[in-house]
Amino acid sequence: MREITEILRAYSEAKKANKKTALATVVKVEGSSYRQPGARMLVTEDGNLTGAISGGCLEGDALRKALLAINQQQNKLITYNTSNENDSEVGLQLGCNGIVHILFEYIDDNIQNNPIKLLQELKWERKGAVVGTLFSLKRNAAQIGTILFYRENQPFLFQNDIALNIFSEVKDTLQYKTSIIKKIEDNNENEALLEYINPPVSIVIIGAGNDVQPLAKMAEILGWEITVGEGRATHATQKRFPEAKQVFVSKPEQLLENITIDDQVYFVLITHNYKYDLAMLKLLLETNCTYIGILGPKTKLNRMLDDLQNEGITINEEQLNRIYGPIGLDIGAETSEEIALSIIAEIKAVISARKGTSLKFKTEKIHNTTVYER
């Protein structure tokens, strides 16, 4: 979601400067690729790039193709065979062992639901949504591009009637939170990338000491929404945490009243105040949050669990599985910055349902399949 946010920001700046733009989207991958379907990059007519469609190996040639799309005001599909080091057409020795199909779309502000306007819909509500993009691998076929946006309990936005014909697949994509590529039965051999997009990750940091500052900075780099809260007015300030979307000075009960918890919200308890952390843990166990990280040794966590049991609170296995204490991956972290890295890495591993082990020992593909063909 950070990439889309940055693209929307860059587009807004380009529009103010009267610069024409094109959007490059990875729509299909065969084999291995650095980026997966849904990766995007905005290109302005003066060559500024925002976002990424590869690890940097495709961007140079993609820039030229995007400028061509801008100059001709026409969508184009380009295929890069990164497994062929002798590809004379591309002229890039990439060696990624995959085929990447990238759609370049000229952004026309006169079109009501152009690709950027559809992506802008993601900003208005913190809920998952589906963005649909039509493309064709058929030679010389017209490339229709991004055509639809769908979110539950919101009007279905589209700019092509094909969107209506695949509405059931769009609803399935939203329900199962799994992106798909749907083949369309038409003469143009169109395919539709129906991409499920989660709202941004939100990290709620309970604590506002100096050791929280590097944690907030790292989360900001990843594009996570940051909330900081605790009871000390001298510590919990916007000036100390400029990256935070919200900063609260309050008791645990009042703090939680101001936070909407969904499956993209992750809590970190790092106040160094035992009673405050205990009160917050007690409240969080009654919610459906998927991650409660607690700073400190195992003895602290065991004491907290014992104290809750002494209050007559029974903690079941499902609740225990949501508690991560001591917090973080085991990377030998000691400094505040290293601990912050450890925490961020663990949360990312939980988000991706990974164990956080070294890729050196991984025998299967690095990336799981994120888009399924139908």
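Residues numbered from 1 in each chain as written. Predicted model: local features only at pLDDT ≥ 70, side-chain atom pairs only at ≥ 80, totals over all residues. Heavy atoms only, no water.

Looking at the overall build of the protein chain
- Along the protein chain, the regular secondary structure elements total eleven helices and 17 strands.
- Since a compact globule built from 374 residues should have a radius of gyration of about 21 Å, the 23 Å found for the protein chain is in line with a globular shape.
- Each principal axis of the C-alpha distribution contributes one length, and for the protein chain these read about 70 × 45 × 40 Å.
- Taking all 374 residues of the protein chain together, 47% fall into the buried category.
- For the protein chain, restricting intrachain contacts to residue pairs at least 6 apart in sequence, the fraction spanning at least 24 positions comes to 59%.
- When the accessible surface of the protein chain is totalled, it reaches about 18900 Å², and 47% of it is carbon and sulfur. (Helix = DSSP H or I, 4+ residues; strand = E, 2+ residues; numbered from the N terminus. Rg over C-alpha atoms; globule rule 2.2 N^0.38 Å. Buried < 20%, exposed > 50% of the residue type's maximum accessible area, 1.4 Å probe, protein only. Contact = heavy atoms within 4.5 Å. Areas by Shrake-Rupley, 256 points an atom, 1.4 Å probe, with all protein chains shown as cover.)

Structural notes on the packing of aromatic side chains
- Overall, the coordinates contain six aromatic pairs when judged by the stated rule.
- On the numbers, 4.7 Å between centres and 45° between planes, the contact of Phe156 with Phe167 is tilted. Taken together, the residues Phe156 in the loop between strand E7 (145-150) and strand E8 (157-158) and Phe167 in helix H5 (residues 167-176) connect sequence positions eleven residues apart.
- In this structure Phe156 comes out as buried when scored by relative accessible area, which is 18%.
- Judged by its relative accessible area of 25%, Phe167 is partly exposed.
- Over the face of the ring belonging to Tyr274 we find Arg303, whose NZ or CZ atom lies 3.8 Å from the ring centre. (Phe/Tyr/Trp six-rings, centres within 6.5 Å; stacked < 30°, edge-to-face > 60°. Lys NZ or Arg CZ within 6 Å of the ring centre and 35° of its normal.)

Remarks on the environment of Gly229
- Note that Gly229 resides in strand E12 (residues 225-230).
- A C-alpha to C-alpha distance of 24 Å links Gly229 and Leu320, two positions 91 residues apart in sequence.
- The contact partners of Gly229, leaving out residues within four places of it in the chain, are Ile205, Ile206, Gly207, Phe248 and Leu255.

A look at the packing of helix H6 (residues 212-221) against helix H11 (residues 336-351)
- In contact at an axis separation of 8 Å, H6 and H11 are set at 45° when each is read in the N-to-C sense. Classified by the angle their axes make, H6 and H11 are oblique. Crossing angle aside, the handedness with which H6 passes H11 is right-handed. Where H6 approaches H11, its residues Pro214, Leu215, Met218 and Ala219 are matched on the opposing element by Ser336, Glu337, Ala340, Leu341, Ile343 and Ile344.
- Looking at the contact of H6 with H11 residue by residue, the class counts come to eight nonpolar, one polar and one charged. (Axes fitted to C-alpha atoms, helices over the stretch in contact; angles between N-to-C directions. Parallel < 35°, antiparallel > 145°, perpendicular 65-115°, else oblique. Left-handed = near helix turned anticlockwise from the far one by under 90°. Nonpolar A, V, L, I, M, F, W, Y, C, P; charged D, E, K, R; others polar.)

Focus: the sheet that holds strand E13 (residues 246-249)
- Spatially, E13-E12-E11-E14-E15-E16 is the arrangement adopted by the six strands of the open sheet, whose pairing is parallel. Edge strands, defined here as strands with exactly one partner in the open sheet, are E13 and strand E16 (323-324).
- Looking at chain direction, strand E11 (residues 202-206) and E12 are connected through five bridges and run parallel. Note on E12: the bridge partner recorded for Val204 is Thr227.
- Helix-sheet contacts for H6 involve E11, E12 and strand E14 (265-269), and the interaxial angle to E11 is about 175°. (Pairing = 2+ DSSP bridges.)

Re the packing of helix H8 (residues 274-284) against helix H9 (residues 298-310)
- Closest axis-to-axis distance for the H8/H9 pair is 11 Å, and the angle between their directions is 60°. One way to sum up the angle between H8 and H9 is to call them oblique. In the packing of H8 onto H9, the handedness of the crossing is right-handed. Where H8 approaches H9, its residues Tyr274, Asp277, Leu278, Leu281 and Lys282 are matched on the opposing element by Lys300, Arg303, Met304, Asp307 and Leu308.

Let's talk about helix H2 (residues 59-72)
- In a regular helix each residue adds 1.5 Å, so 14 residues correspond to 20 Å; H2 covers 20 Å between its end C-alpha atoms and thus fits that length.
- If you check which residues of H2 are buried, you get Glu59, Asp61, Ala62, Ala66, Ala69 and Ile70.
- Phi turns positive, to about 50°, at Gln73, one or two residues after H2. (Expected span 1.5 Å × (residues − 1).)

Topic: the pattern of salt bridges
- Going through the model one piece at a time under the given rule, you end up with 19 salt bridges.
- Put simply, Lys177 and Asp263 hold a salt bridge, and the shortest N to O gap is 2.9 Å. One end of the pair, Lys177, is in the loop between H5 and strand E9 (179-183); the other, Asp263, is in the loop between helix H7 (252-257) and E14, with 86 residues separating them in the sequence.
- A relative accessible area of 45% places Lys177 in the partly exposed class.
- Accessibility expressed as a relative area gives 37% for Asp263, which makes it partly exposed.
- Taken together, the shared-partner salt bridges in this structure form one network comprising Arg126, Glu225, Lys245 and Asp262. (Salt bridge = Lys/Arg side-chain N within 4 Å of Asp/Glu carboxyl O.)

Observations regarding the environment of Ala39
- On the secondary structure map, Ala39 appears in the loop between strand E1 (21-31) and strand E2 (40-44).
- Residues Ala39 and Asp262, spaced 223 residues apart in sequence, show a C-alpha to C-alpha distance of 24 Å.
- Setting aside chain neighbours within four positions, we find Ala39 in contact with Glu3, Ala24, Thr25, Val26, Ala52 and Ile53.

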